[in-house]
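Geometric and topological summary
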Amino acid sequence: MVSRQFHNIISLFSIYKIVMYSYVTIFLYICIMLFQDLQFREDTHTYMLDGKKIPSMSSVISGLADKFNLEAASYNSAKSKGVEQDVIKKQWQFINESAVYGGHNTHNYGEKGGNVDSKHKEAVQQYLHNLPSYYKVVAKEIRMYTRKYWIAGTADLLLQDLRDGSFIISDYKTNKNLFKTYNDDLHYPFDNYINSPYNKYIIQTNGYQIMLEEAGLVVKERHVIWVAKRSASSMYTLFKLPDVTDKLKEYYAIRTNII
């Protein structure tokens, strides 16, 4: 009798796993179909929709901050350190290229897995391993857009909470300092936000949320996985970012004259 009950429980569990797998697979297919008309050109890093160039989320965010003055900043840094300006420029170029390379490898690993040469791959593995059992990855490197505001972007991971069907946006970040400030604030309506990578990522993930919600999905959380920040117990730091979609839509309205 006990054996039969145990067998029935195992059978029900197997059926549940099949149903959940099918459920996630269906949503993966839906995600692909929703944005299948969006094209991305790797060589120029540009998005194309309906044969037209569509601005990236990154370019939109850059418009919220004053343009970085390399000449002035490198001159002041060189003067304070007592070195030539070209020395500072080369140092900054090396740091920037290293960060881009490390970030590319991390995103590559998160998307494709396999033996990718990245010092952050173990952090990605740990994050995926630590996800609750009811969180399922439904898409990696999902490219999406909003027609209303004419913006496109790519999120590293799209998760689904099987308990209520809602979605979670996750993005890997490899910044050496996520809270580095540039001694200024962002532009209206984010003028109460300090210009920092962290605050820009808040806006970025909320931009992705607007794209997904326009397509009919419900997004409940936005995560940044900081894989460059480790502790004794974890290879990454997880940040759950606030919902600022209303404020971002206000900015979009100003930017595109949509009322």
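Described in the following lines is the structure provided in the data block. (Residues numbered from 1 in each chain as written. Predicted model: local features only at pLDDT ≥ 70, side-chain atom pairs only at ≥ 80, totals over all residues. Heavy atoms only, no water.)

Here's the deal with the sheet that holds strand β2 (residues 46-49)
Taken together, 3 strands build an open sheet; the order of strands is β1-β2-β3 and the sheet is antiparallel. Edge positions in the sheet fall to β1 (38-41) and β3 (52-54), since each of these pairs with one other strand and no more. Each strand of the sheet is rotated relative to its neighbour by a mean of 40°, with strand direction disregarded. The pairing of β1 with β2 spans 4 bridges and is classified as antiparallel. The partner of Arg 41 across the bridge, within β2, is Thr 46. (Pairing = 2+ DSSP bridges. Helix = DSSP H or I, 4+ residues; strand = E, 2+ residues; numbered from the N terminus. Axes fitted to C-alpha atoms, helices over the stretch in contact; angles between N-to-C directions.)

Comments concerning the packing of helix α6 (residues 197-214) against helix α7 (residues 245-256)
Remark: α6 packs on α7, axes separated minimally by 9 Å, with the N-to-C direction vectors making an angle of 85°. Taken together, the axes of α6 and α7 lie roughly perpendicular to each other. Contacts between α6 and α7 involve Ile 203, Asn 206, Gly 207, Gln 209 and Ile 210 from the former and Thr 245, Leu 248, Lys 249 and Tyr 252 from the latter. Looking at the contact of α6 with α7 residue by residue, the classes come out as 4 nonpolar, 4 polar and 1 charged. (Parallel < 35°, antiparallel > 145°, perpendicular 65-115°, else oblique. Contact = heavy atoms within 4.5 Å. Nonpolar A, V, L, I, M, F, W, Y, C, P; charged D, E, K, R; others polar.)

A look at the nonpolar core
Counting 45 residues, the largest nonpolar core has Met 57, Phe 190, Leu 212 and Tyr 252 as its most contacted members. Per element, the largest residue contribution to this core is 8 residues, and it comes from α6. Apart from residues lying up to four places away in sequence, Met 57 is in contact with Ile 151, Ala 152, Gly 153, Ile 203, Gln 204, Gly 207, Tyr 208, Met 211, Leu 248 and Tyr 252. Judged by nonpolar contacts, the second largest core, of 12 residues, contains Val 124, Tyr 127, Tyr 172 and Ile 225. (Core = buried A, V, L, I, M, F, W, Y, C linked by side-chain atoms within 4.5 Å. Buried < 20%, exposed > 50% of the residue type's maximum accessible area, 1.4 Å probe, protein only.)

Observations regarding the packing of aromatic side chains
The description of an aromatic ring pair uses the distance of the two centres, along with the angle that the planes make with each other. Throughout the structure, instances matching the rule amount to 13 aromatic pairs. With a centroid separation of 6.1 Å and an interplanar angle of 80°, the aromatic rings of Phe 179 and Trp 226 are classed as edge-to-face. Placement of Phe 179 in the loop between β6 (167-173) and α6 and of Trp 226 in strand β7 (residues 219-226) is noted, with a sequence separation of 47 residues between them. Take Trp 226: its relative accessible area is 7%, and that puts it in the buried class. Taken together through their ring pairs, the aromatic side chains of Phe 179, Tyr 198, Trp 226 and Phe 239 make up a single cluster. (Phe/Tyr/Trp six-rings, centres within 6.5 Å; stacked < 30°, edge-to-face > 60°.)

Everything listed here is a matter of coordinates, which is why it stays silent on function.
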